[in-house]
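Observations on the three-dimensional arrangement
One letter stands for each residue in the lines below.
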Amino acid sequence: GQMGDINAALSAVRDIAATFNAKGLELEKLVKARKEEIRGEIVAGGVAALREHVGQLNAAMPASYMPQVPADFGGVVKGKRTVESLRSAVNDELARAKIAASEIANRIHANLKTLQESGLVAHDTVALVLKAPDDLAAVIAQRIAAEQARMDAERERIQQEEQAKAQRELLAQQA
């Protein structure tokens, strides 16, 4: 008779253990989901801060010249376990990206000044301001030379037309 009581007690212990296991798995899933949520919030904060910084740099320019600045926030948080290490990695990547964006903005400002000083009217200013300063100087020199050649050809054509007109008038007077 006592075997039945023992079997019932063992069965009750198994049921309680299964309930604890199910509850443990559920809590583990909740913890994992919260960790991913925190990771996503930290990464999104880094992306938003970089976007804001690039927007401020763009606002200081006469037009929207700033390109996308590459930043791998998702890559830098891989393998990080603590919230502090996640924040540190995102802050480091944000600082690196902000420095890169500021360097690009400085180059754009310098190139805009160079373009204005050259007097060149360019239809592709957005592409030109992103070039290296030496490349921009070469493009400006090439375009100015091409414009000069075009103007010389135009002068030559006008001069030839005037000479032809003068010859026709001379022939008309002789006739």
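Residues numbered from 1 in each chain as written. Predicted model: local features only at pLDDT ≥ 70, side-chain atom pairs only at ≥ 80, totals over all residues. Heavy atoms only, no water.

1. Things to note about the confidence of the model for the protein chain
Chain-level pLDDT for the protein chain is 91 on average; 99% of the residues reach the 70-or-more range. When pLDDT is averaged over each element of the protein chain, helix H3 (residues 83-118) comes out on top at 93 and helix H4 (residues 125-128) at the bottom at 84. (pLDDT = per-residue confidence, 0-100. Helix = DSSP H or I, 4+ residues; strand = E, 2+ residues; numbered from the N terminus.)

2. Concerning the pattern of salt bridges
Enumeration according to the criterion identifies 8 salt bridges in this entry. The salt bridge partner of Glu41 is Arg34, with a shortest N-O separation of 3.7 Å. When its relative accessible area of 46% is taken as the criterion, Glu41 is described as partly exposed. The exposure class of Arg34 is partly exposed, given its relative accessible area of 39%. The shortest N-O distance in the salt bridge between Asp152 and Arg155 comes to 2.7 Å. On the criterion of helical spacing, the pair formed by Asp152 and Arg155 is a turn pair, its members being 3 residues apart in helix H5 (residues 133-174). Using a relative accessible area of 37% as the deciding quantity, one classes Asp152 as partly exposed. Three or more residues are tied together by salt bridges with common partners; here these are Arg34, Glu37 and Glu41. (Salt bridge = Lys/Arg side-chain N within 4 Å of Asp/Glu carboxyl O. Buried < 20%, exposed > 50% of the residue type's maximum accessible area, 1.4 Å probe, protein only.)

3. Focus on the nonpolar core
Membership of the largest hydrophobic core comes to 29 residues, with the highest contact counts inside it found for Met66, Val69 and Ile108. Sorting elements by how many residues they give to this core places H3 first, with 11 residues. Setting aside residues up to four positions removed in sequence, Ile108 forms contacts with Met61, Tyr65, Met66, Pro67, Val129 and Leu130. (Core = buried A, V, L, I, M, F, W, Y, C linked by side-chain atoms within 4.5 Å. Contact = heavy atoms within 4.5 Å.)

4. Thoughts on H5
Because an α-helix packs 3.6 residues into every turn, residues spaced three or four apart end up facing the same way. Across its 42 residues, H5 extends 61 Å between first and last C-alpha, which sits within 8% of the 62 Å expected from 1.5 Å per residue. Of all the positions in H5, only Leu136, Val139 and Ile140 are classed as buried. Along its buried surface, H5 packs onto H3 and H4. (Expected span 1.5 Å × (residues − 1).)

5. Describing the environment of Val121
Within the secondary structure layout, Val121 lies in the loop between H3 and H4. What makes Val121 exposed here is its relative accessible area of 77%. In the structure, Val121 is positioned 34 residues away from Arg87 in sequence and 46 Å away in space, judged by C-alpha atoms.

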